[in-house]
Amino acid sequence: MFSSCDLLSRDSADRNLMAWDFSSGVVLSNQIYQERYSCTRLKLHPTEGHFLAQTNGDYIAIFSTQKPYKLNKAKRFQGHKGNGYAVGFDLSVDGSLVVSGSADGDTYFYNYHTGRLLRTLTTGLDICTDVAIHPVLTSTVACCGWNGHIQVWR
């Protein structure tokens, strides 16, 4: 199991990802992510041995699910904005598409295999806080905003 945390105390800040042994509750590793940004969302890739993490550094990072849980430094999904919000993202059922919300109100579509931005959808929302790809109708995407509005796009 993987978790993300942003622990702040009086004289230190600990922003990291942790790998846990689910059966015993023992931490396997807490040294997975060593950058200064906290991770707000984690998702497991549906077909490959990776998980993705939305960071407050305005990018989505890719990590291995097998020891030593390495960050893929060659590929990341960037272009959307976080601006301190816990912006969500989703993966298509086949894992080929990554969709992310953004603090600028738009929805960003990325190719998982190349990391390239495919399209930006202007939603008219103030902040696009979360997105979801329909599991059966893969051309249908729902997004929601900070103001409570929900939109469904085909």
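The protein chain carries the name WD repeat-containing protein 25 in an unreviewed UniProt entry, which gives Mizuhopecten yessoensis as its organism.

J.: I'd like a rundown of the overall build of the protein chain, residues and numbers included.
T.: Each helix and strand counted, the protein chain has 0 helices and 14 strands in total. Of the regular secondary structure in the protein chain, the N- to C-terminal order runs β-β-β-β-β-β-β-β-β-β-β-β-β-β. Here the protein chain, with 154 residues, has 40% of them falling under the buried criterion. The long-range fraction of contacts in the protein chain, counting pairs at least 24 apart against all pairs at least 6 apart in sequence, stands at 34%. When the accessible surface of the protein chain is split by element, carbon and sulfur atoms take 51% of a total near 8,500 Å².

J.: Which residues make up the sheet that holds strand 6 (residues 59-64), and what are the values?
T.: What the 4 strands build is an open sheet, ordered 4-5-6-7; its pairing is antiparallel. One side of each edge strand has no neighbouring strand; the edge strands of this open sheet are strand 4 (39-44) and strand 7 (71-78). Across the sheet, the axes of successive neighbouring strands diverge by a mean angle of 25 degrees, strand direction being ignored. Here strand 5 (residues 50-55) pairs with strand 6 via 5 bridges, running antiparallel.

J.: Explain the pattern of salt bridges to me, and be specific about the residues and the numbers.
T.: Counted according to the given criterion, the structure contains 2 salt bridges. Among the ionic pairs, Lys-43 bridges to Asp-90, the shortest N-O distance being 3.7 Å. Placement of Lys-43 in strand 4 and of Asp-90 in strand 8 (residues 89-91) is noted, with a sequence separation of 47 residues between them. For Asp-90, a relative accessible area of 12% translates into the label buried.

So, how was this worked out
Residues numbered from 1 in each chain as written. Predicted model: local features only at pLDDT ≥ 70, side-chain atom pairs only at ≥ 80, totals over all residues. Heavy atoms only, no water. Helix = DSSP H or I, 4+ residues; strand = E, 2+ residues; numbered from the N terminus. Buried < 20%, exposed > 50% of the residue type's maximum accessible area, 1.4 Å probe, protein only. Contact = heavy atoms within 4.5 Å. Areas by Shrake-Rupley, 256 points an atom, 1.4 Å probe, with all protein chains shown as cover. Pairing = 2+ DSSP bridges. Axes fitted to C-alpha atoms, helices over the stretch in contact; angles between N-to-C directions. Salt bridge = Lys/Arg side-chain N within 4 Å of Asp/Glu carboxyl O.

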